[in-house]
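Now for the letters of each chain:
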Amino acid sequence: ETRDIATPSRTKEILKKHGFTFKKSLGQNFLTELNILRKIVETAGIDGNTNVIEVGPGIGALTEQLARNAAQVLAFEIDDRLLPVLQDTLAPYPNVTVVHQDVLEADLVKTTGEVFTKDLPIKVVANLPYYITTPIMMHFLESDLPVAEMVVMMQREVADRISAAPGTKAYGSLTIAVQYYMEAKLAFIVPKTVFVPQPNVDSAILKLTRRPTPAVAVTDEQAFFRLTKAAFQLRRKTLWNNLLHAYGKDDATKAWLTKSLEEADIDPKRRGETLSLAEFAALSNALEANRG
Ligand code: SAM
């Protein structure tokens, strides 16, 4: 019989046995509440026909619950001090592979190809290190790995931004960068009390489902993302001011912007946060078509 890792007493025991001390700089806040972990596994719909990638297994609390339900689990952990701990705690689960690597440096296509023995849908499930939530999300979204779904824990504020609707305060270039690829839904809120040590902010579980094709059709993805970043650069300024700031204030640029805004049927006096993904796409496509 194996005892669950994710209880306050077992966690304490494991930390003590291995003389482990937390590194704040690595975003180490470990989950010690089984119900939350079970809810994460359920939200992600993990079963024997799913392969899972986990970022930052810590001492294996979530990894263990994933391993009991998934075909295989591949976990990336940056902290070498956790490797002997994981070897110990995850010994009962032969379907887990821990890779000692910064996930941002990982070649996801290559490593999954080496580790996963069956060609099954891949889901990313993780309690993310909060200091690099956005880079990790973008690393997965921009990789060529076909990730079907991501169920990830992050600061509530970032989860709100990613799942935001146009016209709200939380809506911004991060919303668009993620929603371009994935449908985003806030699944549930997690109180700080279920972690050791307790973080300063509340957390949320975000469920992201891959769209069959991107949310909008753009002729140039890089130009589209450059435009959405530019539109939110100066938060309280109009779209027009932001565009001049990003693209230039000379007459030729002004004429190019004016023509494109007209074609896309967008009032330059609007603010960036009121534009939908479809409107940004229309504007970006007009800008590209009208380039001199
Ligand atoms: N999954 C465990 C849990 O839920 O209890 C631990 C989650 S903790 C919030 C984040 C984990 O990510 C830590 O184990 C930390 O060492 C690891 N980590 C931090 N930066 C990383 C990176 N760049 N690549 C891989 N793992 C990282």
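Quick caveat: nothing in here was measured; it's all calculated off a predicted structure.

Quick notes on the rules
Residues numbered from 1 in each chain as written. Predicted model: local features only at pLDDT ≥ 70, side-chain atom pairs only at ≥ 80, totals over all residues. Near = placed C-beta within 6 Å. Helix = DSSP H or I, 4+ residues; strand = E, 2+ residues; numbered from the N terminus. Nonpolar A, V, L, I, M, F, W, Y, C, P; charged D, E, K, R; others polar. UniProt positions renumbered as here; feature names shortened; annotations may be inferred. Buried ≥ 20, exposed ≤ 12 C-beta atoms within 10 Å, placed from the backbone. Contact = placed C-beta atoms within 7 Å. Expected span 1.5 Å × (residues − 1). Arc of directions from axis to C-beta. pLDDT = per-residue confidence, 0-100. Core = buried A, V, L, I, M, F, W, Y, C linked by C-beta atoms within 7 Å. Pairing = 2+ DSSP bridges. Axes fitted to C-alpha atoms, helices over the stretch in contact; angles between N-to-C directions.

> Would you mind showing me how to read the site of the ligand here?
Contacts to the ligand come from 23 residues, most closely from Phe30, Gly56, Gly58, Asn127 and Pro129. Elements represented by at least two residues in the shell around the ligand include exactly strand S1 (30-31), helix H3 (61-69) and strand S3 (72-77). Broken down by class, the residue content of the shell around the ligand amounts to 14 nonpolar, 6 polar and 3 charged.

> When you look at the UniProt feature "binding site: S-adenosyl-L-methionine" (unreviewed entry) in the chain in this model, what are you seeing that I'm missing?
With numbering matched to this structure, UniProt assigns "binding site: S-adenosyl-L-methionine" (unreviewed entry) to Asn29, Leu31, Gly56, Glu77, Asp102 and Asn127. Within the secondary structure, asparagine 29 sits in the loop between helix H1 (8-17) and S1. Residue asparagine 29 is classed as buried on the basis of its 22 C-beta neighbours within 10 Å. Among residues more than four places away in sequence, those in contact with asparagine 29 are Phe195, Pro197 and Pro199. Residue classification places aspartate 102 among the exposed positions, given that 10 C-beta atoms sit within 10 Å.

> Hey, could you run me through helix H11 (residues 251-263) in this one?
Compared with the 18 Å implied by 1.5 Å per residue over 13 residues, the 18 Å span of H11 between its first and last C-alpha is a close match. Looking at H11, one finds that the buried residues are Leu257, Ser260 and Leu261. Buried residues of H11, seen end-on, are gathered within an arc of 100° and therefore sit on one face of the element. Among the exposed residues of H11, those pointing more than 90 degrees away from its buried face are Asp251, Ala252, Ala255 and Glu262. In this structure, the buried side of H11 is in contact with helix H10 (239-247) and helix H12 (277-289). In the segment just after H11, aspartate 265 is the residue with positive phi, at about 60°.

> Sorry if this is basic, but what is going on with the confidence of the model for the chain here?
The predicted coordinates of low-pLDDT regions are not to be read in fine detail. Across the chain, pLDDT averages 96, with 99% of residues at or above 70. Mean pLDDT values for the elements of the chain range from 95 in helix H6 (residues 133-142) up to 99 in S3. In the model output, the complex is listed with pTM 0.94 alongside ipTM 0.99.

> Explain the nonpolar core here, please?
Within soluble globular proteins, side chains that are nonpolar tend to cluster in buried spots. The biggest cluster of nonpolar side chains holds 74 residues, and the ones touching the most others in it are Ile40, Leu66, Val125, Val152 and Leu206. Not counting the four nearest positions on each side in its chain, valine 125 is found in contact with Ile40, Ala44, Ile46, Val52, Glu54, Leu66 and Val151.

> Help me understand the sheet that holds strand S7 (residues 182-190) in this model?
Across a sheet, paired strands are connected by hydrogen bonds in the backbone, their directions being either parallel or antiparallel. Strand order in the open sheet made by the 7 strands is S4-S3-S2-S5-S6-S9-S7, with mixed pairing throughout. Every other strand in the sheet has two partners, leaving strand S4 (96-100) and S7 as the edge strands with one partner each. Taking each pair of neighbouring strands and ignoring which way they run, the sheet shows an average axis angle of 20°. Across 3 bridges, the pairing between strand S2 (residues 51-55) and strand S5 (residues 122-127) is parallel. Bridge assignment links valine 52 to a residue of S5, and that residue is lysine 123.

> Help me out: how do you make sense of the environment of phenylalanine 232 in this one?
As for its position among the elements, phenylalanine 232 is in the loop between helix H9 (221-231) and H10. Taking the number of C-beta atoms within 10 Å as the measure of exposure, phenylalanine 232 has 20 and is therefore buried. With near-sequence residues (within four places) excluded, phenylalanine 232 lies in contact with Gly172, Ser173, Gly272 and Glu273.

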